[in-house]
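A structural walkthrough
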Amino acid sequence: MAIKYKVLPRKNPRDITAPEKFYAAAIADGDVDLDRLAELISYQCTVTATDCYAVLHSLEHNIIGELGQGRIVKLGRLGNFQVGISSEGKDSLTEVSSANIVKSRILFRPGKNLRSMLNGLSFKKVG
């Protein structure tokens, strides 16, 4: 597997007067949607692409519902999803309330196989 990357200049946000440094940035090589995933899965088993799509769509729906209830969604070897939040800091415990929450996000913790995939990557400079 080869991940394409390009080189981009970036300023230091902590010191805007500092000279730019150059960093590698991954370039996406297309995308795969649920329809394509369903088709690929259907080639690997006896289930039709339509059935696979229905299951994937249902999985998405249920992940959203469970995360909305504050649960960690464990997808076995694939990994875990969980809601994370960021809040403003306050001086005392009693000052902290839901009004201080400024951001929520979905955290994904990949399983062992996904993490291992990263070790086998190679990289190809483009541009």
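Read on for an overview of the structure. Computed from a predicted model, the values in this text were never measured in an experiment.

Conventions and cut-offs
Residues numbered from 1 in each chain as written. Predicted model: local features only at pLDDT ≥ 70, side-chain atom pairs only at ≥ 80, totals over all residues. Heavy atoms only, no water. Patch = residues over 30% accessible without salt bridge, like charges linked within 9 Å, V, L, I, M, F, W, Y side chains within 5 Å. Areas by Shrake-Rupley, 256 points an atom, 1.4 Å probe, with all protein chains shown as cover. Salt bridge = Lys/Arg side-chain N within 4 Å of Asp/Glu carboxyl O. Helix = DSSP H or I, 4+ residues; strand = E, 2+ residues; numbered from the N terminus. Contact = heavy atoms within 4.5 Å. Phe/Tyr/Trp six-rings, centres within 6.5 Å; stacked < 30°, edge-to-face > 60°. Axes fitted to C-alpha atoms, helices over the stretch in contact; angles between N-to-C directions. Parallel < 35°, antiparallel > 145°, perpendicular 65-115°, else oblique. Left-handed = near helix turned anticlockwise from the far one by under 90°. Nonpolar A, V, L, I, M, F, W, Y, C, P; charged D, E, K, R; others polar. Pairing = 2+ DSSP bridges.

Structural notes on a nonpolar patch on the surface
Where nonpolar side chains cluster on the molecular surface, the patch consists of Leu78, Phe108, Leu114, Met117 and Leu118 and spans about 410 Å² of accessible area. The dominant element in the nonpolar patch, judged by the number of residues it contributes, is helix H3 (residues 112–119), at 3 residues.

What to know about the environment of Lys90
Residue position: Lys90 is located in the loop between strand S4 (79–87) and strand S5 (101–110). Placed 10 residues apart in sequence, Lys90 and Asn100 show a C-alpha to C-alpha distance of 8.6 Å. Those residues within four positions of Lys90 in sequence are excluded, and the remaining contacts are Glu95, Val96 and Asn100.

Observations regarding the environment of Glu60
Turning to its location among the elements, Glu60 is positioned in helix H2 (residues 49–68). Taking the C-alpha atoms as reference, Glu60 lies 36 Å from Leu93; in sequence the two are 33 residues apart.

A word on the packing of aromatic side chains
As enumerated under the stated definition, the model contains 1 aromatic pair in all. Between Phe81 and Phe108, the aromatic rings sit 4.8 Å apart at their centres with planes inclined by 45°, giving tilted as the arrangement. Note that Phe81 is positioned in strand S4 and Phe108 in strand S5, a separation of 27 residues in sequence.

What to know about the packing of helix H1 (residues 34–43) against H2
Direction vectors running N to C along H1 and H2 enclose 125°, while the axes themselves pass 8 Å from each other. Comparing their axes, H2 and H1 come out oblique. Read as a crossing pair, H1 and H2 show a hand that is right-handed. Contact with H1, carried on its side by Leu34, Asp35, Leu37, Ala38, Glu39, Ile41 and Ser42, involves Ala49, Cys52, Tyr53, Leu56 and Glu60 of H2 and no other residues of that element. Tallied by class, residues from the contact of H1 with H2 come to 8 nonpolar, 1 polar and 3 charged.

Things to note about the sheet that holds strand S3 (residues 73–74)
Spatially, S3-S4-S5 is the arrangement adopted by the 3 strands of the open sheet, whose pairing is antiparallel. Lying at the two open borders of the sheet, with one neighbouring strand each, are S3 and S5. Where S3 and S4 come together, 2 bridges link them in antiparallel fashion. What sits directly across from Lys74, in S4, is Asn80. Along the sheet, H2 contacts S3, S4 and S5; its crossing angle with S4, the most-contacted strand, is approximately 45°.

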